[in-house]
Structure formats: structure tokens, C-alpha cells
Amino acid sequence: MAGLRRLEYRGYDSAGVAVLADGGLAAARKAGKLVNLEKELAARPLPSGTTGIGHTRWATHGGPTDANAHPHLDNAGQVAVVHNGIIENFAGLRAELAERGHELRSETDTEVVAHLLAEEFSATADLAEAMRLVCRRLEGAFTLVAAHAGEPDVVVGARRNSPLVVGVGEGEAFLASDVAAFIAHTRSAIELGQDQVVELRRDGVTVTGFDGRPAEVRSYHVDWDASAAEKGGYDYFMLKEIAEQPKAVADTLLGRIDASGALTLDEVRIPASELREVDKVVIVACGTAFHAGLIAKYAIEHWTRIPCEVELASEFRYRDPILDSRSLVIAISQSGETMDTLMALRHAREQGSKVLAICNTNGSTIPRESDAVLYTHAGPEVAVASTKAFLTQLVACYLVALYLGQVRGTKWGDEIRAVVRDLAQISGAVERVLETMGPVRELARSLADKDTVLFLGRHVGYPVALEGALKLKELAYMHAEGFAAGELKHGPIALIEEDLPVVVVVPSPRGRSVLHDKIVSNIQEIRARGARTIVIAEEGDETVVPYADHLVRIPVTPVLLSPLVATVPLQVFACELATARGNEVDQPRNLAKSVTVE
Ligand code: M6R
């Protein structure tokens, strides 16, 4: 149950467990959060055993009911299986099983696997072999974990395009979709590759391909401990993760400058000669990571003069993008398991492009399938709403942009060092922002009964506005939209009405002062039409004062780096509004942390 709690952020609409005990298999399943399962187990305890499986679900096929919750069992109740992903050919398999007399009791795609495993086990008496045979018949993306009463000391797992990691303890072993589930027991982990089956026994772990051939495995040490995945005194993981941002930003910068003062990104294994040939950068990502990409574009184009496109990973491969060996594709993902991003990077590699992953999760699929990876060092991010991952993704993007500038000679060494010095100041600046969030929280609480909040920004402030709106949607369930402020007069200004809260991210008056002046005009335009203006502006920017109903100050920061500080108040704002509206901050409705289906 402790392991499931650690994984609950990945899906939380139902949960279940099965345990091998007394020569048989016992299972319990419950719709709703894990706490419902706990109550069920307290009321009707299962026999105790040391081999078992469990699951928290994010529904794909069939609603979140007891009957659709995992584990799913065969008709004889001998085999239990849990599954993440989608089995695309389940309808055909289901019809086939029904013809052979199987009675399927749920609406899920998963249940067919339990029945198929039962059939194969009765022929082979070997669960791992049964799993291999079944997997060869499945289409789609899946992680499967199964236990069978006929092999009481064995758990078998399989994966295709969906995460599964093995934890190796002393005299014990674990399988989970994320190391967080077993980190309290062991920090020694094994990565499973695509199309592999793993068999866990008392005396060890065996990995084979779906074809039965022994597979090579890579072991690694998890470099964070169980306390990193605890709330540590905060009410919500999100609050803890917001507070961790100064450290996360600083950690992501660690060790990036060598003795000669040059930027070193050792993990970026793409030779400098190839990076010099790059004629286009394409960033693919989803959600918050996509917003990091939108901001990165400004830095990449400005510092390297290489054209940069940013695209939603879910759209990318379907429009037949123009890619070749001179395109550098950057895939940004906190989890490293987002299916849309994974599919986009695979498409890019098929076209001969090099892929660089920016990722927070060691050993996950996206970095493993990329040509190179730059890890962010945010530590585990548990809250569904991404915060510290976003800031560290930005830092990583800036580093990549500078590195490209360094190898291509579009940036001098001293210029790069100056930006890195500016980046090193960000941790302290974020800390200062966090210290002054009292009025932002108060403001958020006062808006709890509003229906709509708009966000405006220009230049790098535009993606910040999009990110502020996304946070509010997913946490407060409010209508929130981000606009480029220059677009206002082309339509959105019609939305402005009396007392409508509008958050405006104001560019620095230094540097791009033209933009600053324009956005000050925009603020006046919306205020004249009744908007309640919430202005986020740099310390010392006095021109905005007369037009701000609420003023949020952020430290003076170089323009391109300003999203690192400007986003923080918007995270706090959304978190507080969600709390005021009585919403579940860490586990917003309908969402899951890691979207491992397309
Ligand atoms: O793990 P990833 O960074 O690939 O996830 C991408 C998005 O699903 C994620 O950023 C999502 O938008 C967050 N819930 C936003 O807070």
C-alpha cells in the first residue's frame, strides 16, 4: 500500500491488489482513491503473503468502477494481472476468448490478458513463458505485471512502450512503473528495455526478450532517497515542490562549467562537428514542457541564430514535418515517459535527425531512446501540476542554447560565462519571490468565486501567460486563457467585462522597452473596459503602478531569463485558488502525472 501511495499520482480513479497466499490468489479492488481500497482491506483483510501485485488506475477503457479496477483475474481466479497502457487489438482478442467460453466481466482491454495468460499457463506451467507468448499477440502500449497461483513465488512483468523498472533488494525484488514505489526498500534498479519480460523470484531476476532470448540489462543507482518523495511537512507535494525550486535550479546548473571556464554538457554525446552542421532546431513536448520549449525558442534563436520551431508532440508526426540529419530535435519531458513525446522523437529519429532529450527521470524511456540527454536535477516531482520541473527544464534549455552558441562560435566565452553567472543568480531571485507571496495568496483566495481569469504576456512573457493559464485550469478547474497581449485587439478584448481578473506579465522596461511600453498601453486598454488588473512587473518599474489593481513584484532579471522568476507567482496563485475552491491540489480531477497513452 505504501508503494501504491507513492504511485497514486500517476492515476487515482481506482486501485486494487492481489496476493499469493495459502496456495491460492486473493484480490481486492475498489473504485476511487487508494483510501477506498484501504477501507475495503481493513473491513475484509486478505490473507497475508509476500508475493503480490497492485495497481492504481487512470481509466482508458471502461469507467472507474470496482469491476473495471485492476487486478483482473481469469475465470478460475488463478492468475491476476495489472496493466498500464492500451491494448489496441483487445476487441478481436475478446471476441476470440468469448468464443472459447471465457466469461469477461469488465469493460477493460486488460482483462483479455488475464484470460490469455490462463490459457498459456495451462499449456506451459511457466508464467514467464506464458507472458512472452501472450505479449507476442498484443498490439499497442503496455506494462503488464502478473502473478499465478501455480507459481507462488513468482511475479512476471512485461513492457512495450510503457514504463517498468525493477528494484533489486536483498532477498527481495520489486517491479513498478516508477522507482518511487520501492525507493524505501532499495536504491538499486534495473532498466527494462522495449519488448522485454522480467521474472522475479526469491533468488533473483531474469530478463528476456518477448522471443525468449536472454536480454542485456543495465543496472543503476537511484540518486535520491525516500525522503525526497515525502511531503516533508507541507500540506501538498505541490507546495513542497514550489519551495524546492531555488535548489532545483541551482542543482541543474551544478558542474556545467569546466576549469577553463567553458560550458561542459558531458551527457550531450552529439559530437560538436554535428552540432555545427545543425540548420534547424525543433522542440517537441507537451503541456508545461511545451511552454518551456516556447521560451527556449527565444534564447536559441537569439544566441545561436539557428531557426527554432516548437511543436506540440501530439501534433508533430501527423503533419509530416520536414526533418533531416541536420535537424536537431529537442524532446522535453519531466517524466521521460510521455507517449506523445516518445512517438514524436521516434519519428524524428526515423527521419535521420538527432534527438536530444531534456528529462528529469533517470533511466526513463525518452532519454534512453534519444541520441543524447541533458538531465534536469529537480528531484522527484510528485504533484500532477509541474512546477520545479518547468524551471529546471528552462535552465536546461538555456544551457543547450549556450552550448550550441559555444560550439558554433556565435557566442564568445565571456558572453556565455556572463549568462551562466546570471543563471546562478536565479536561485536566490526565486527564493526572494517565494518570500513575498503572502499578498498573492490573499488575492487568490479573494478570487475563489470567479469563473474566468485571463493571462496576457509578450515576448517570453507570452509562454509564461500560457503556463499561468494552464496551471489555473488544471488545479482550480476555472476557465483560464493565455494570450499574446498584442493579439488583444484582434479578438480577445471582447472578453473583457467588469471586474474580470486579468493577469499581465510585463516585460522589463530595460532592454526591450518598446514591448514594455506597448504592454502598458494594453493594461490601460483592458482597465478602461473594466478589467481588474493583476500586474507582474519588475522591481523598480514605476510606470505600471497607476494601472495595477494588484501589483506583484519580481526581481530584476535579464529579459530572456525572466520566465524563471515570473512563473513562480502564477504557480502560487493557482495552488492557492485551487485550495480555496476545495480542490485536490496534488491530484486534480481527470488527470494523471505521466501520460503514457496517446
Ligand atoms: O512528463 P512530461 O514533462 O512529458 O509531461 C508533460 C505534460 O503532461 C505535463 O507538463 C502536464 O502538462 C502538467 N500536468 C502540467 O502541470
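All figures in this text were calculated on a predicted structure; none of them were measured in a lab.

### Here's the deal with the overall build of the protein chain
Logical step 1: Secondary structure assignment for the protein chain yields 18 helices and 23 strands.
Logical step 2: The C-alpha radius of gyration of the protein chain comes to 25 Å, within 12% of the 25 Å expected for a compact globule of 598 residues.
Logical step 3: Projecting the C-alpha coordinates of the protein chain onto the three principal axes gives extents of approximately 75 × 55 × 45 Å.
Logical step 4: Looking at the protein chain as a whole, 59% of its 598 residues are labelled buried.

### Quick notes on the pairing of strand β18 (residues 372-375)
Consecutive side chains of a regular strand alternate in pointing toward one face of the sheet and then the other.
Logical step 1: Neither face of β18 is left uncovered, since the one carrying Ala372 and Leu374 and the one carrying Val373 and Tyr375 both have all their residues buried.
Logical step 2: Pairing of strand β17 (residues 354-359) with β18, which is carried by four bridges, proceeds in the parallel orientation. Among the inter-strand pairings, Cys359 is bridged to a residue of β18, identified as Tyr375.

### Some thoughts on the packing of aromatic side chains
Logical step 1: Following the criterion strictly, the structure yields three aromatic pairs and no others.
Logical step 2: Their ring planes at 10° and their centres at 6.1 Å tell us that Phe142 and Phe210 sit as a pair that is stacked. With Phe142 in strand β6 (residues 140-148) and Phe210 in the loop between β12 (204-209) and β13 (218-221), this residue pair connects regions lying 68 residues apart in the sequence.
Logical step 3: You can call Phe210 buried: its relative accessible area is 6%.
Logical step 4: Between Trp303 and Tyr398, the ring centres sit 6.1 Å apart and the planes meet at 55°, which makes this aromatic pair tilted.

### Observations concerning the domain arrangement of the protein chain
Logical step 1: Examined at the domain level, the protein chain breaks down into domain 1 (62-230), domain 2 (240-433) and domain 3 (436-580).
Logical step 2: Centre-to-centre, using C-alpha coordinates, domain 2 lies 26 Å away from domain 3.
Logical step 3: On the domain 3 side, the residues contacting the 28 residues of domain 2 number 28 residues.
Logical step 4: Here domain 2 meets domain 3 over a buried area of about 2,300 Å², counting both sides, of which 75% is carbon and sulfur.
Logical step 5: For the domain 2 face of the interface with domain 3, the top three residues by lost area are His291, Tyr298 and Val433, together amounting to 29%.
Logical step 6: Connecting domain 2 to domain 3 are nine residue pairs in polar contact (both at pLDDT 80 or more).
Logical step 7: In terms of residue count, the dominant contributor to the side of domain 2 that touches domain 3 is helix α9 (residues 287-304) (nine residues).
Logical step 8: Residue classes in the side of domain 2 that touches domain 3 are distributed as 19 nonpolar, seven polar and two charged.

### Here's the deal with the sheet that holds strand β10 (residues 188-191)
Logical step 1: With respect to topology, four strands assemble into an open sheet ordered β9-β8-β10-β13, the strand pairing being antiparallel. With one partner strand each, in any of the chains shown, β9 (173-176) and β13 form the two edges of the open sheet. Sheet twist, expressed as the mean angle between neighbouring strand axes with direction ignored, is 30°.
Logical step 2: Across four bridges, the pairing between β10 and β13 is antiparallel. From the neighbouring strand, Ala189 faces β13, where its bridge partner is Tyr220.

### Quick look at the environment of Ala176
Logical step 1: Tracing the backbone shows Ala176 in strand β9.
Logical step 2: Given a relative accessible area of 6%, Ala176 falls into the buried group.
Logical step 3: When the C-alpha positions of Ala176 and Leu7 are compared, they lie 8.5 Å apart, and in sequence the two are 169 residues distant.
Logical step 4: If we skip the residues at most four places from it in the chain, Ala176 touches Leu7, Leu164, Val165, Ala181 and Phe182.

### With respect to unusual backbone geometry
Logical step 1: Each neighbour pair has its own omega, and for His70 with Pro71 the value is 0°, a cis peptide bond.
Logical step 2: Mapped onto the elements of the fold, Pro71 is located in the loop between β3 (51-57) and β4 (72-73).
Logical step 3: Positive phi is not limited to glycine here, since Asn161 has a value of about 60°.
Logical step 4: Looking at the element boundaries, Asn161 is found in the loop between β7 (155-160) and β8 (165-168).

### Digging into the site of the ligand
Logical step 1: The local shell around the ligand holds 14 residues, among which Ser333, Gln334, Ser335, Thr338 and Glu474 are the closest.
Logical step 2: Measuring from an oxygen atom of the ligand, one finds a side-chain N or O atom of Ser333 at 2.6 Å.
Logical step 3: Ser386 places a polar main-chain atom, nitrogen or oxygen, 2.8 Å from an oxygen atom of the ligand.
Logical step 4: Relative to its free-state accessible area of 410 Å², the ligand is covered by the protein chains to the extent of 91%.
Logical step 5: Listing elements by their share of the shell around the ligand, those giving two or more residues are α9 and α16 (461-476).

### Some points on the nonpolar core
In a soluble, globular protein the nonpolar side chains are often hidden away together inside.
Logical step 1: Residues Ile330, Phe455, Leu472 and Phe573 are the most contacted members of the largest nonpolar core, which totals 96 residues.
Logical step 2: A total of 14 residues in this core trace back to one element, the largest contributor, which is helix α13 (residues 388-408).
Logical step 3: Counting contributing residues, this core receives three or more from each of domain 2 (240-433) and domain 3 (436-580).
Logical step 4: Leave out the neighbours within four places in its chain, and Phe455 touches Ala465, Gly468, Ala469, Leu472, Ala480, Glu481, Gly482, Phe483, Val503, Leu570 and Phe573.
Logical step 5: In this structure, Val79, Val112, Leu117 and Val197 belong to the second largest nonpolar core, which totals 29 residues.

Reading the values: the criteria
- Residues numbered from 1 in each chain as written.
- Predicted model: local features only at pLDDT ≥ 70, side-chain atom pairs only at ≥ 80, totals over all residues.
- Heavy atoms only, no water.
- Helix = DSSP H or I, 4+ residues; strand = E, 2+ residues; numbered from the N terminus.
- Rg over C-alpha atoms; globule rule 2.2 N^0.38 Å.
- Buried < 20%, exposed > 50% of the residue type's maximum accessible area, 1.4 Å probe, protein only.
- Pairing = 2+ DSSP bridges.
- Phe/Tyr/Trp six-rings, centres within 6.5 Å; stacked < 30°, edge-to-face > 60°.
- Domains from an automatic or database assignment.
- Contact = heavy atoms within 4.5 Å.
- Buried area = accessible area lost by both parts, 1.4 Å probe.
- Polar contact = N/O pair within 3.5 Å; in protein donor to acceptor, adjacent residues only side chain to side chain.
- Nonpolar A, V, L, I, M, F, W, Y, C, P; charged D, E, K, R; others polar.
- Axes fitted to C-alpha atoms, helices over the stretch in contact; angles between N-to-C directions.
- Near = heavy atom within 4 Å.
- Areas by Shrake-Rupley, 256 points an atom, 1.4 Å probe, with all protein chains shown as cover.
- Core = buried A, V, L, I, M, F, W, Y, C linked by side-chain atoms within 4.5 Å.

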